[in-house]
Structures are given as C-alpha cells and as structure tokens.
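Examining the three-dimensional arrangement
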Amino acid sequence: MVISVRIQIMIIDKTVVDCTICMESLCGPSGYKGPGVGGISRAESVGRLSQCGHQYHLQCLVAMYNNGNKDGSLQCPTCKTIYGVKTGNQPPGKMEYHVIPHSLPGHPDCKTIRIIYNIPPGIQGPEHPNPGKPFTARGFPRHCYLPDSEKGRLVLKLLLVAWDRRLIFSVGTSSTTGETDTVIWNEVHHKTEFGSNLTGHGYPDSGHLDNVLEELRAQGITEEECLRD
Ligand code: APR
Ligand code: ZN
C-alpha cells in the first residue's frame with residue numbers, strides 16, 4: 001500500500017482522551033481490526049494532526065484514509081480541517097455557464113449566470129459505493145442560477161474549482177427520491193429555480209451566496225486559496 005499524503009503528524013506518547021475514530025482510549029491500542037494498517041505502525045501509536053492538533057491512533061488515521069478516495073488529502077473528522085487538496089468522486093460530465101439578460105428575484109440590478117451541469121449515467125469506479133455497478137443520472141441537464149454580481153461571479157469561480165476537484169456531485173442515494181446508485185448533489189447548495197421558489201431551491205434568498213461560500217470553504221475551496229494557485 002502506498003500513501004502519499006504529506007501531512008505532518010507528530011508521534012506522541014500518552015494522552016487521556018479517546019480516539020474519536022475507533023472510540024477506544026488513546027492510551028491503548030487502535031480498535032480498528034480491518035486490513036491494510038498492520039505494517040504502518042504499532043497499534044498503540046498515536047498521531048497528532050499538525051494544524052488543528054487533534055489526536056488519533058495512527059492506524060485509525062490510515063484506515064480512514066484508505067476508506068476514502070485516497071487522493072492525497074485527509075480531513076480531520078473532529079474539526080474538518082483539510083490537509084492537502086480535497087477531491088470528491090463526481091463522475092465524468094460537463095459544466096458550462098453563460099449570462100442571461102434577466103434578473104433573479106432579490107437581485108434586480110444585475111443579470112443572471114446560468115450554469116448547466118450534464119452528467120450521463122455510467123458504471124461506478126473504485127471510488128464509488130458499488131464499484132462495477134451502473135449508476136443512473138436523473139434530471140440532467142441541471143440548470144442552476146447565480147446573480148451576475150461581484151459575489152455571484154466569485155461563487156462561480158469557486159464552483160469551477162469545485163467541479164475540477166469532483167466535488168459538486170457524488171454517487172449515492174438520493175434523499176429526494178430514495179433511489180440508490182445515482183448521481184446526487186454533494187454538499188454545495190445550488191439554486192435550480194429561476195423565477196419562483198416552489199422547491200425552496202429558488203430565489204429570493206439573501207443568504208444564499210454566503211451559505212455557498214461557507215459550504216465551499218468546508219470543501220477546502222476559498223478565494224484566498226484560489227489566488228495562491
Ligand atoms: N435543487 C437544488 N438542490 C436540491 C434539489 C433541487 N431541486 N433537491 C434537493 N437538493 C439538495 C438538497 O437540499 C440536498 O442538500 O441537494 C442535496 C442532496 O439532495 P438529494 O435529493 O440527495 O439530491 P439529488 O437526488 O441530486 O436531487 C434531487 O434535485 O436538481 C434536482 O433534478 C434534480 O430532482 C432532482 C433533485
Ligand atoms: Zn482536528
């Protein structure tokens with residue numbers, strides 16, 4: 001097994017708290033009994049994440065990493081601090097956008113950005129819940145709307161980064177329809193209604209852009225970070 005996460009983890013001796021991954025004491029061995037961690041470290045080894053300081057059994061951290069999409073990033077399960085660049089498992093598809101000359105309710109002074117997402121059905125890869133099994137894709141193309149304001153354009157810029165990192169959609173169970181093995185929105189909310197708000201996913205919603213910026217931040221996508229790239 002190869003792990004290429006460049007995360008500074010400090011090996012420490014003893015502490016009184018529990019490992020919140022396996023719920024066993026950090027004074028004793030890791031409670032993880034699955035495969036793939038034996039050669040990594042002793043079951044008693046404890047690691048401290050460099051930025052946030054949260055501590056876990058090293059083997060629990062490795063098991064958590066191996067259960068994810070092994071993209072070289074790790075998210076602290078306690079405080080969600082992201083180490084490395086987080087990516088998701090969004091299937092292949094297309095993201096397009098253009099400006100339409102109409103205003104959204106609540107944004108009378110600007111035009112509107114329309115984003116069009118298109119993802120076809122396909123076969124699940126190793127990063128999906130049921131590798132090898134088909135997944136469906138309902139309601140595509142999905143049309144989404146942002147005000148063409150300074151903040152709206154910032155959100156668009158960050159959504160383009162989120163798309164490249166495969167974080168806009170994922171494959172799983174739709175909470176709306178209950179269908180399994182289907183393409184679903186990930187944790188970044190989109191407005192899919194233009195002139196009305198029948199579903200609750202429409203305008204006006206004065207907090208929407210700030211909420212999305214916060215949701216993008218939780219995925220590790222911020223304006224500051226994009227300026228660095
Ligand atoms: N528009 C925007 N966001 C939505 C919608 C919608 N119509 N319905 C649900 N969401 C949000 C939910 O609030 C939740 O946070 O997406 C997240 C995941 O919900 P699921 O129901 O699991 O997502 P999904 O099955 O992808 O979406 C259901 O959204 O865009 C439409 O055509 C799509 O009808 C489908 C619906
Ligand atoms: Zn933490």
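Residues numbered from 1 in each chain as written. Chains lettered and ligands numbered in written order. Predicted model: local features only at pLDDT ≥ 70, side-chain atom pairs only at ≥ 80, totals over all residues. Heavy atoms only, no water.

1. So, the pattern of salt bridges
- Taken as a whole and assessed by the stated rule, the structure comprises nine salt bridges.
- Between Glu96 and Lys94 there is a salt bridge, with its nearest N and O atoms 3.8 Å apart.
- Among the ionic pairs, Arg153 bridges to Asp148, the shortest N-O distance being 2.9 Å. (Salt bridge = Lys/Arg side-chain N within 4 Å of Asp/Glu carboxyl O.)

2. Some remarks on the domain arrangement of the chain
- Per the domain assignment, the segments of the chain are domain 1 (2-83) and domain 2 (94-228).
- Measuring from the centre of the C-alpha atoms in domain 1 to the corresponding centre in domain 2 gives 32 Å. (Domains from an automatic or database assignment.)

3. Remarks on the UniProt feature "domain: RING-type" (unreviewed entry) in the chain
- Mapped onto this structure's residue numbering, the UniProt feature "domain: RING-type" (unreviewed entry) falls at residues 19-80.
- Here residues 19-80 runs as 16% helix and 15% strand, with 15 Å between its end C-alpha atoms. (UniProt positions renumbered as here; feature names shortened; annotations may be inferred. Helix = DSSP H or I, 4+ residues; strand = E, 2+ residues; numbered from the N terminus.)

4. Concerning the packing of helix 2 (residues 150-164) against helix 3 (residues 208-218)
- Their axes nearest at 10 Å, the elements helix 2 and helix 3 cross at an angle of 30 degrees. In terms of orientation, helix 2 lies roughly parallel with respect to helix 3. As helix 2 runs across helix 3, the sense of the crossing is left-handed. Judged by residue contacts, Lys151, Gly152, Leu154, Val155, Leu158, Leu159 and Ala162 of helix 2 engage Leu209, Asp210, Val212, Leu213 and Leu216 from helix 3.
- Its residues assigned to classes, the contact of helix 2 with helix 3 shows nine nonpolar, one polar and two charged. (Axes fitted to C-alpha atoms, helices over the stretch in contact; angles between N-to-C directions. Parallel < 35°, antiparallel > 145°, perpendicular 65-115°, else oblique. Left-handed = near helix turned anticlockwise from the far one by under 90°. Contact = heavy atoms within 4.5 Å. Nonpolar A, V, L, I, M, F, W, Y, C, P; charged D, E, K, R; others polar.)

5. Quick word on the pairing of strand 7 (residues 112-118)
- Taken across its seven residues, strand 7 has five buried, putting it largely inside the fold.
- Here seven bridges tie strand 6 (residues 94-100) to strand 7, and the two strands are oriented antiparallel to one another. By the bridge assignment, Tyr97 is partnered in strand 7 with Ile115. (Buried < 20%, exposed > 50% of the residue type's maximum accessible area, 1.4 Å probe, protein only. Pairing = 2+ DSSP bridges.)

6. So, the coordination of the zinc ion (ligand 2)
- For the zinc ion (ligand 2), every protein donor is listed as Cys52 (SG), His54 (ND1), Cys76 (SG) and Cys79 (SG), and the spread of their distances is 1.8 to 2.6 Å.
- The coordination sphere of the zinc ion (ligand 2) comprises four donor atoms, whose angles at the metal cover 99 to 121 degrees; the geometry is tetrahedral.
- Along the chain, the residues donating to the zinc ion (ligand 2) fall in the pattern C-x1-H-x21-C-x2-C.
- With a relative accessible area of 25%, His54 lands in the partly exposed category. (Donors = N, O, S within 2.8 Å, 3.2 Å for Na, K, Ca; no water. Tetrahedral: all angles 85-135°; square planar, octahedral: opposite > 155°, others 65-115°.)

7. Digging into the site of ligand 1
- Lining the immediate environment of ligand 1, one finds Gly139, Arg142, Ser174, Ser175, Thr176, Val183, Ile184, Trp185, His189, His190, Thr192 and His201.
- The separation between an oxygen atom of ligand 1 and a polar side-chain atom of Ser174 is 2.6 Å.
- One of the side-chain nitrogen or oxygen atoms of Thr192 is found 2.6 Å away from a nitrogen atom of ligand 1.
- Protein coverage of the free-state accessible area of ligand 1, which is 620 Å², stands at 75%.
- At three residues, the largest contribution of residues to the shell around ligand 1 is made by strand 12 (residues 182-185).
- Along the lines of polarity and charge, the residues of the shell around ligand 1 split into three nonpolar, eight polar and one charged. (Near = heavy atom within 4 Å. Polar contact = N/O pair within 3.5 Å; in protein donor to acceptor, adjacent residues only side chain to side chain. Areas by Shrake-Rupley, 256 points an atom, 1.4 Å probe, with all protein chains shown as cover.)

8. Things to note about the sheet that holds strand 10 (residues 142-147)
- The strand order across the open sheet formed by three strands is 6-7-10, and the pairing between neighbours is antiparallel. Edge positions in the open sheet fall to strand 6 and strand 10, since each of these has one partner strand only. For this sheet the average axis-to-axis angle between neighbouring strands, irrespective of direction, equals 25 degrees.

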